[in-house]
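One letter stands for each residue in the lines below.
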Amino acid sequence: MGKKEPMTNKTCFQKYWRVVASAAPRTLLIITTFLLLLLIGTLIANRTTRAGITVGSFEIDGNLIVDHLVPPTEPIDWDSSPFPAALTTFTDGTGPTDDIFGMGSKESDQSTWNCTAGSTPPKDDVVNQISINGAAPIAGEIAFRFFPVSGVQKQFLYANWSRLSNNGDAHIDYEFNQADPSTNPASPSCPQLPLRAIGDFLISFDTQFGGAIINTSAFTWNGTTFVPLSVGNQGTLWDAAVNTTPSISGLTVTGANLFGELALNVSDTIGTIPCEKVLFVSMKTRASTSLSAEVKDRTRAKPVNFTIFNPAGANASGNAVGAQIQDRLLGINQALPAATPPTCTQGDCSSQSGIGSTSNSNQVLNVAVPPPGGNVLKANVLSASSTSTVDSTTNTATDTGVAESAGVNLVSGLVTADVVRAVATAQASGFNSSFGSAGSAFNNLVVNGTQLNNVNPNTTINLPAAQFGAGSFVKLFEEMGSSSQPPPGQLADGTFAADLTVNMIRVHITSLALTGDAVDVVVSHAQAHADFPQPAGCPSLFGTVSGNATVVNEQANPSQLPVVVGFVSIPPQGGHDHQDLDQLSTSLASGGTSVSDSAGTVLSSSSNSSSFAKAQNLCALPVAGVCTVFASAITSQANSVSGGGKSSSDPQGTSLIGLSVGGMLVNDNPPPNTTILLPGIGSVILNEQTCNGGGVPPCSGTTSSGIRVRAIHVIVDNPNALGVPQGADVIVGEAHADSAHP
């Protein structure tokens, strides 16, 4: 009997459970549902209570803005300005032309990958919806920085993403590879992503229950599979969040769980990544949490940036004047056109501090000074424009001043010209600064009865003392420029800066015959300044490189940031960036296939970089179906190498074929800085070449040098029938390269 009792009890329990189960399925369903909702509610409540959590002094709260009030700079969020971490940004399209993975592509097996174009499920579609501080929308970002924890510097990774729809959970991967996809592609059918190598790693972001549960995990590639890495406890070594509020500042669409962010202590999980490490990173989405799930959307691989740029601390400023007249006898001291804005002390001024663009322009017609005869100055047109831009996409500060005078007659015919045009450009980035006067030109210049062509910069013509007084002269194409950079060995807190002043004509008369009048006249004056803060340095780097290329950089509206197409760049530790475009189309330019590429290497003995932009069938400033400037093929190439106590940079590889300007054919491969005036519009510069420190190639130095090459550069400095704003600027095919090595 003692042995049968348990069996009897078990039998009774089973009978009882069957009765209860059969009698009350609705009750059990209600209880189960209630418990599940209670669990989700608890998780959501827990997620809400974690909204104030920071990891690596970064706000993990599912938004982009800085929510705290004190202290003023820490913790940070995505729209902190300046952003104190090294950013790498991703862009991605949507719809049938989106870069995606074909069916059957599995995250864990690159042999199954098929990179194609097409639409992906909306929940897996990363799109450009994040707009920070007014910048162009992006699909996601990663950022690295060091921050002290208990007095010890630790490396942290921050990342974010945005997607098209919240009709399912998010599964996002950030994969870091050592291989360059251009030389070691993932597979023959997926050449845009790198082949995995031992030591590559992946950071995964997964949500459940619409973001109620979020998990961040890390894996390393051992040659055959991903091996999990311990990331510790949430809220200590990592944390993550999605937007629970449908509308958040900086997200261009509305809906919960469309934006996500994470912070990870890299030093205590993956291990500190050296800042000289060349890595490529891409974003991918998966169908589910498992790493063996199908991959859906993808971005192109980009070189990881470990350098902290600060465009918020950059400045650009300048001015332009059609003419400045001083006459001692008549008491005249006048600048034309009138100051714009009125606070400008000289001509047309612009100034930009931090990200953005400002521009001013003005002109005056039929000038005669002094009236009525205009013995000192006569001109049909005096125009001036100045544009200052700080661009966070290219991390540059640029100022361009343009002054153009037409129908010029100075001092009763002493100097005459049909057109006198001054262009002053200054540009600075976190690694170099440059200035140039390309575009400055004379048309039909005559000085004291002698016609002059091909005027060299800083040409001085002394005037007869008996007629004009002792020490009188005419200066032509007066150019005063300088560039500066931090001293060797300084790794942070310095500034790269460039300045240039251009005076195309300066007439200085000490004592005019008969009257004894003293006259000083400047015609077509342009001045430009740009500076950019030095980013945080990397002591372990032997040297540095810098390179970028752009297919089109168009500033159609001078008071807005430029439209940049086909921009690629490399970080200072080197790497490779590349873009292919089937066609290009902006408001002021169009073209066929194009390629932009930049690559650089830093070795113990030398540093080198090379960039190029290629394009076919280019049309700039189309008018009624006719191109103001056309080229059948262009290649802008910049090369730089440093080491062994010398540095040099050159434009080898540059070519311009099938050119026409204003309907007139132009010889192939025109000389550097060939300037052609465009009546009623402005001018075009062909094969523009500028050394970092000013001047034209060859560019050289002891420890560093650099060069910038632009195939076509159109400057619009006149009101025109095209409706293009005065001050508009179109650059087609730009390449820059520089290198530095002790």
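Preceding block: the structure.
The following paragraphs examine the structure supplied in this document.

What counts and what doesn't
Residues numbered from 1 in each chain as written. Predicted model: local features only at pLDDT ≥ 70, side-chain atom pairs only at ≥ 80, totals over all residues. Heavy atoms only, no water. 1 Å grid on protein atoms, 1.4 Å probe; cavity = no way out; pocket = protein on both sides within 12 Å on 5 of 7 lines; lining within 4 Å. Points joined across faces, edges and corners; volume = space filled by probe spheres on them. Nonpolar A, V, L, I, M, F, W, Y, C, P; charged D, E, K, R; others polar. Helix = DSSP H or I, 4+ residues; strand = E, 2+ residues; numbered from the N terminus. Contact = heavy atoms within 4.5 Å. Pairing = 2+ DSSP bridges. Axes fitted to C-alpha atoms, helices over the stretch in contact; angles between N-to-C directions.

### As for empty space enclosed by the protein
Part 1 of the argument: Applying the stated rule across the entire model yields two cavities of 30 Å³ or more.
Part 2 of the argument: Volume-wise, the largest cavity comes out at about 390 Å³.
Part 3 of the argument: Around the largest cavity, the lining is made up of 28 residues, and of these Thr 398, Gln 427, Asn 553, Arg 710 and Ile 731 lie nearest the centre.
Part 4 of the argument: Tallied by class, residues from the lining of the largest cavity come to six nonpolar, 15 polar and seven charged.
Part 5 of the argument: Here the second largest cavity defines a volume of roughly 110 Å³.
Part 6 of the argument: Of all the elements in the fold, those that place two or more residues in the lining of the second largest cavity are strand 23 (415-429), strand 24 (433-436), strand 45 (682-691) and strand 47 (704-716).
Part 7 of the argument: For the lining of the second largest cavity, a count of residues per class yields three nonpolar, five polar and three charged.

### Things to note about the environment of Gly 354
Part 1 of the argument: You can see Gly 354 is positioned in the loop between strand 19 (348-353) and strand 20 (356-369).
Part 2 of the argument: Sequence separation between Gly 354 and Gln 427 is 73 residues; the distance between their C-alpha atoms is 14 Å.
Part 3 of the argument: Excluding residues that lie within four positions of it along the chain, Gly 354 makes contacts with Pro 311, Ala 312, Ala 314 and Val 390.

### Structural notes on the sheet that holds strand 12 (residues 238-242)
Part 1 of the argument: Across the sheet, which stays open at both edges, the five strands sit in the order 1-4-5-13-12 with antiparallel pairing between neighbours. One side of each edge strand has no neighbouring strand; the edge strands of this open sheet are strand 1 (86-90) and strand 12. Pairwise comparison of adjacent strand axes, ignoring direction, gives a mean angle of 15° for this sheet.
Part 2 of the argument: In this structure, strand 5 (residues 152-162) lies alongside strand 13 (residues 259-265), joined through seven bridges in antiparallel fashion. Note on strand 13: the bridge partner recorded for Ser 162 is Phe 259.

### As for unusual backbone geometry
Part 1 of the argument: The omega angle of the peptide bond from Leu 336 to Pro 337 is -5°, so this bond is cis rather than trans.
Part 2 of the argument: With respect to the element layout, Pro 337 can be found in the loop between strand 18 (332-336) and strand 19.
Part 3 of the argument: For the peptide bond that leads from Pro 697 to Pro 698, omega is 10°, which places it in the cis range.
Part 4 of the argument: Structurally, Pro 698 is set in the loop between strand 45 and strand 46 (699-701).
Part 5 of the argument: Backbone geometry at Asn 257 places phi at a positive 60°, although glycine is not the residue there.
Part 6 of the argument: By secondary structure assignment, the location of Asn 257 is in the loop between strand 12 and strand 13.

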